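Structural features, examined
Now for the letters of each chain:
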2 protein chains.
Amino acid sequence: MYTLYGYPKTRSVRIAWALEELGLPYNYHLIDLKMGQHLTDEYRAISPAAKIPALVTEEGALTESAAIVTFLAERHGMQEFIPEPGSFERAKYEEMMLFLTSELEQPIWNLAKHTFALPSEQRIDRMREVAVWEFQRVLPVFSAMLADNEFVCGNMFTMADVIAGHILAWAKGSKLDLTANGKCENVAVYAQRVLGREAYERAWRNEVSHMSK
Amino acid sequence: MYTLYGYPKTRSVRIAWALEELGLPYNYHLIDLKMGQHLTDEYRAISPAAKIPALVTEEGALTESAAIVTFLAERHGMQEFIPEPGSFERAKYEEMMLFLTSELEQPIWNLAKHTFALPSEQRIDRMREVAVWEFQRVLPVFSAMLADNEFVCGNMFTMADVIAGHILAWAKGSKLDLTANGKCENVAVYAQRVLGREAYERAWRNEVSHMSK
């Protein structure tokens, strides 16, 4: 059985969500960020960058949420959740994953870094404004890629929607405007659609339930 | 035949390098960044984010360099350049790709953004110091992941080495110290190994040759 190392309100919910979509049972191991449990040598042996999430499989540990959800779909998806390797559709899926993680997510991550995630001496107040500006600049690109599709890779829900959905939930939580002043209504509608999935709700509820233990 | 839209000293050399490794012929279409050719509606129809590179295939256009090189290896690699889909090795390949593009590359990209790539009113001088600090922080993580392997996924050269090699060449060009004050000698040795490949030299020479035309 897989073991997910996570913490509520981090990228670990992406893996929990993917596991729930696939109907796979898993152990959940809470890494208490506030107690600095991610900085121990024990956790670094699993996640060299000391980042959350990590998934421990029978063959070893994996990090990088977008890589993990792709792996899970390849292993267990059975023609669902991910296009066939070698197809043009698969290339578009990979393109979307890279766009999401290196373009759409980075401004939100920079906003978090310069609010709390970097050591205080490395934070720059004005970077928060630049991050908001960069998010507003990239959002119309995402909106154009999404167009009037139901999901980011067309009419099939894929693991790229797990990553996109979580990024948009995070953006909303960071008080960013998902519509870019009304120009990108399709993004807000899409976010509501994917974040309304039951598997997502089961995923975050399970994470939160481990907090009180 | 594939058509690569590129410009020297950008991420397009990654695609040219991958095509050269695979022995595939391709058309090269120079997008003159200095003339603003990437900002035209014509180019945005190919690359919605107005970014370089893009690869036009018979089935449509692709962007995101890491996605493109993965696609090329899946289509033409024949057991070389990329591990088998569904294998744990493939998951580690994807993990490395995501780490490279969202962790190792971002500080270098931030350095470029706050030096010239952002509109001047969005640039913050001090961000350059923070970017250098972040690069020095992430480099030992990459060094630990690389360990004493010949390539980033072990002893097989893969498309992840194309991305890693280019990021390190870019870092060197940005005057960043690849050894983190001598602590990460394996990274510098690795960079020399992959950047010494003939396919890389053919790739960048071809790009440069289009400049004078």
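A quick note: this is a predicted structure, and the numbers were derived from the prediction, not measured.

1. A word on helix α4 (residues 88-117) of chain B
Think of an α-helix as 3.6 residues a turn; residues three or four steps apart then line up on the same face. In this model α4(B) runs just 38 Å from its N-terminal to its C-terminal C-alpha over 30 residues, more than 12% under the 44 Å that 1.5 Å per residue would give. Burial analysis of α4(B) places 21 of its 30 residues in the buried class, which makes it a mostly covered element.

2. Some remarks on the pairing of strand β2 (residues 26-30) of chain B
Residues and elements named next belong to chain B. Inspection of the sheet shows strand β1 (residues 2-6) paired to β2 by five bridges, in the parallel sense. In the strand pairing of β2, Gly6 is matched with Leu30. In terms of handedness, the path from β1 via helix α1 (residues 12-22) over to β2 forms a crossover that is right-handed.

3. Remarks on the sheet that holds strand β3 (residues 54-57) of chain B
All names here are of chain B. Strand order in the open sheet formed by four strands is β2-β1-β3-β4, with mixed pairing between adjacent strands. Two strands in the sheet have a free side with no partner beyond their single neighbour: β2 and β4 (60-63). Here the strands of the sheet are splayed against their neighbours by 25 degrees on average, with no regard to which way each runs. Bridge count between β1 and β3: three bridges; the pairing is antiparallel. In the strand pairing of β3, Leu4 is matched with Leu55.

4. Thoughts on the domain arrangement of chain A
All names here are of chain A. Entries for chain A in the domain assignment read domain 1 (2-80 + 199-209) and domain 2 (88-196). Computed over C-alpha atoms, the centres of domain 1 and domain 2 are 20 Å apart. Counting residues at the interface gives 11 residues for domain 1 and eight residues for domain 2. Counting residues per element, the ones that place at least two in the side of domain 1 that touches domain 2 are α1 (12-22) and α3 (65-76). Here the element with the most residues in the side of domain 1 that touches domain 2 is α3; it accounts for five residues. Residues that form the side of domain 1 that touches domain 2 fall into these classes: seven nonpolar, two polar and two charged.

5. Some points on the interface of chain B and chain A
Across the boundary between the two partners, chain B contributes 35 residues, which contact 35 residues of chain A. Secondary-structure elements contributing two or more residues to the side of chain B that touches chain A are β4, α3 (65-76), α4 and α5 (125-146) of chain B. For the side of chain B that touches chain A, the element with the highest residue contribution is α4(B), accounting for 10 residues.

6. Quick notes on the packing of α1(A) against helix α8 (residues 198-209) of chain A
All names here are of chain A. One way to put it is that α1 packs onto α8 with a least axis distance of 8 Å and a crossing angle of 130 degrees. Put simply, α1 runs oblique to α8. Like other packed secondary-structure pairs, α1 and α8 cross with a definite hand, here right-handed. Residues Ser12, Val13, Ala16, Trp17, Glu20 and Glu21 of α1 pack against Ala199, Tyr200, Arg202, Ala203, Trp204, Asn206 and Glu207 of α8.

Analysis parameters
- Residues numbered from 1 in each chain as written.
- Chains lettered and ligands numbered in written order.
- Predicted model: local features only at pLDDT ≥ 70, side-chain atom pairs only at ≥ 80, totals over all residues.
- Helix = DSSP H or I, 4+ residues; strand = E, 2+ residues; numbered from the N terminus.
- Expected span 1.5 Å × (residues − 1).
- Buried ≥ 20, exposed ≤ 12 C-beta atoms within 10 Å, placed from the backbone.
- Pairing = 2+ DSSP bridges.
- Right-handed = clockwise from strand over helix to strand, strands pointing away.
- Axes fitted to C-alpha atoms, helices over the stretch in contact; angles between N-to-C directions.
- Domains from an automatic or database assignment.
- Contact = placed C-beta atoms within 7 Å.
- Nonpolar A, V, L, I, M, F, W, Y, C, P; charged D, E, K, R; others polar.
- Parallel < 35°, antiparallel > 145°, perpendicular 65-115°, else oblique.
- Left-handed = near helix turned anticlockwise from the far one by under 90°.

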